Amino acid sequence: MHGPSLLNSLEALYSNSSRQGSSFRKAFSQIATYQCLFNISSICNSTDSGVLPAECQIRSSMTLLTWAGFIATAHNMASLQSLIAIQLYLVSRIELRDAATVGGLLLRALIAAGFHRCPWRSLHMSLHDRDMRKRIFWSAYAIDRFLCQALGMPFVLGESDIDICPPSSNELHRPVQSRGQQAVSVERVLAHLPLNHQSFGRGQNIAQSGQPSPELDQTPSAVVSETGGQDVLFIKFVAWSKIVSQILSLFHKAIRHRVISRNNVLELTSRVHEWWNSLPDNLEDDQNGIRYKPRLGPFFKFLYHQAIILINRPFLSLPHTNPDCRSSL
């Protein structure tokens with residue numbers, strides 16, 4: 001979140017002119033967001049100057065759960081951002097079960113608002129709204145995958161239900177023609193499919209289902225490259241969350257539905273190593289003998305080893321004479 005914009009919106013929220021024109025629900029969502037952000041900052045700041053006044057502190061998680069129940073009834077961006085802020089605060093306090101409860105409300109609200117569907121197929125949305133919808137969804141997705149692996153819970157939203165491209169990747173969807181325009185039924189169906197779908201075979205002209213809009217040239221991957229990769233932390237964390245989702249989908253199943261092959265394990269292991277090798281040098285502890293001191297370097301190294309442990313831990317229950325058990329040690 002942009003710091004100056006946050007302060008400007010906070011000042012505008014408490015001004016009389018802004019308060020008269022906004023609804024109580026929207027204002028309450030914004031207040032909850034700011035309250036959680038300030039308390040998260042206070043947790044990270046151990047000095048006396050970082051302690052919030054007593055009237056600004058969140059005293060109980062039950063208060064946040066009460067707020068979340070009221071905020072979740074609105075399906076706009078302000079309410080969804082507020083639920084993410086509440087969930088982040090609970091995670092920072094290591095109150096994971098309460099965070100998972102808020103996450104259930106958040107993901108159901110996202111589904112009801114259609115945030116799990118690709119916004120780049122909608123002609124009426126601006127580039128800013130499309131980008132914000134993707135950011136909100138993938139933020140909720142990453143936190144949900146973290147809580148699922150930490151608490152051993154099943155996913156609220158499965159991978160097959162997600163129809164939105166990951167951040168930094170090329171957009172595979174295009175704006176769909178409105179219903180008022182005449183179009184062949186086959187072309188109308190193809191217009192809803194991503195460009196990498198098997199229906200678009202070699203030699204087939206994709207333009208038959210409609211040319212991509214010029215706005216699609218400004219994909220998030222292009223924006224990241226132009227801004228010098230300022231969103232690389234978010235992109236890499238979402239990529240790690242998708243790997244964790246694949247690991248949990250393979251191992252965290254009922255025994256009668258669990259099918260594990262060596263090829264699947266090898267594929268997951270290679271993806272973890274590929275993710276680690278794709279990190280920028282300033283996010284790794286030691287590169288070519290040069291010691292870096294990044295703030296988030298140890299965090300990403302922890303994520304890397306955690307993924308390795310998640311892959312190998314199920315084999316530790318086998319007899320010690322088993323080769324899979326010995327290779328997992």
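As the structure is a prediction and not an experimental result, all values here were calculated from the model. Note that residues are indexed from 1 along each chain, following the sequence as it is written. Only residues with pLDDT of at least 70 are given local features in this predicted model, and only at 80 or more are side-chain atom pairs given and counted; all residues enter the totals for whole chains, interfaces and linings. Side-chain numbers here rest on the full set of heavy atoms in the structure, without hydrogens or water.

(A) The side chain of K236, seen in detail. Here K236 shows up in helix α10 (residues 232–251). Working definition: with a 1.4 Å probe on protein chains only, accessible area under 20% of the residue-type maximum means buried, over 50% means exposed, and in between means partly exposed. Residues scored as positive are Lys and Arg, those scored as negative are Asp and Glu, and His as well as the terminal groups of each chain are ignored. Counted as salt bridges are all cases of a side-chain nitrogen of Lys or Arg within 4 Å of a carboxyl oxygen of Asp or Glu. Buried and unpaired, K236 has E274 as its nearest opposite-charge partner, separated by 8.7 Å. Contact criterion: two residues are considered in contact whenever any of their non-hydrogen atoms come within 4.5 Å of each other. Apart from residues lying up to four places away in sequence, K236 is in contact with W275, S278, L279 and F300. Labels follow the DSSP assignment, with helices taken as runs of H or I lasting at least four residues and strands as runs of E lasting at least two, numbered in each case from the N terminus.

(B) Quick look at the pattern of salt bridges. Evaluation of the coordinates by the stated rule reveals six salt bridges. The residue R145 makes a salt bridge to E159 at a minimum N-O spacing of 3.1 Å. Pair noted here: R145 is in helix α7 (residues 127–151) and E159 is in the loop between α7 and α8 (185–191), with a separation of 14 residues, a long-range link. The exposure class assigned to R145 is buried, which follows from its relative accessible area of 1%. Several salt bridges converge on common partners, so that one network encompasses D144, R145, E159 and K242.

(C) Layout of helix α12 (residues 297–312). Any helix carries an expected span of 1.5 Å times its number of residues minus one. If you check α12, its first and last C-alpha atoms are 23 Å apart, about what 16 residues at 1.5 Å a residue would give, namely 22 Å. Against the buried residues of α12 lie α7, α10 and α11 (262–277).

(D) Just the nonpolar core, in detail. If you look at the biggest cluster of nonpolar residues, it comprises 36 residues, and the most contacted ones within it are I86, L110 and F137. Mapped by element, the contributors of at least two residues to this core are α3 (24–44), α4 (61–71), α5 (77–92), α6 (96–112) and α7. Among the elements that make up this core, the one with the highest residue count is α5 (eight residues). Excluding anything up to four places from it in sequence, I86 contacts C36, L64, W67, A68, I71 and V102. Put simply, a nonpolar core is a bunch of buried Ala, Val, Leu, Ile, Met, Phe, Trp, Tyr and Cys residues held in one set by side-chain atoms that sit within 4.5 Å of each other.

(E) Representation of unusual backbone geometry within the structure. In the Ramachandran plot, I94 falls in the positive-phi region, its phi being about 60° despite a non-glycine side chain. As for its placement among the helices and strands, I94 is situated in the loop between α5 and α6. What makes I94 exposed here is its relative accessible area of 65%.

(F) The arrangement of the packing of aromatic side chains in detail. Pairing of aromatic rings covers Phe, Tyr and Trp, the last through its six-membered ring, and needs centres within 6.5 Å; plane angles under 30 degrees mean stacked, over 60 mean edge-to-face, and all others mean tilted. Enumeration over the complete set of coordinates arrives at twelve aromatic pairs. Between F28 and W67, the ring centres sit 5.9 Å apart and the planes meet at 80°, which makes this aromatic pair edge-to-face. Taken together, the residues span a long stretch of sequence, with F28 in helix α3 and W67 in helix α4 at a distance of 39 residues. Aromatic rings pair up to connect F237, W240, W275, F299 and F300 into one cluster. Just above the ring of F115 sits the side chain of R133; from NZ or CZ to the centre is 4.0 Å. For a Lys NZ or an Arg CZ to count as sitting over a ring, it must be within 6 Å of the ring centre and within 35 degrees of the ring normal.

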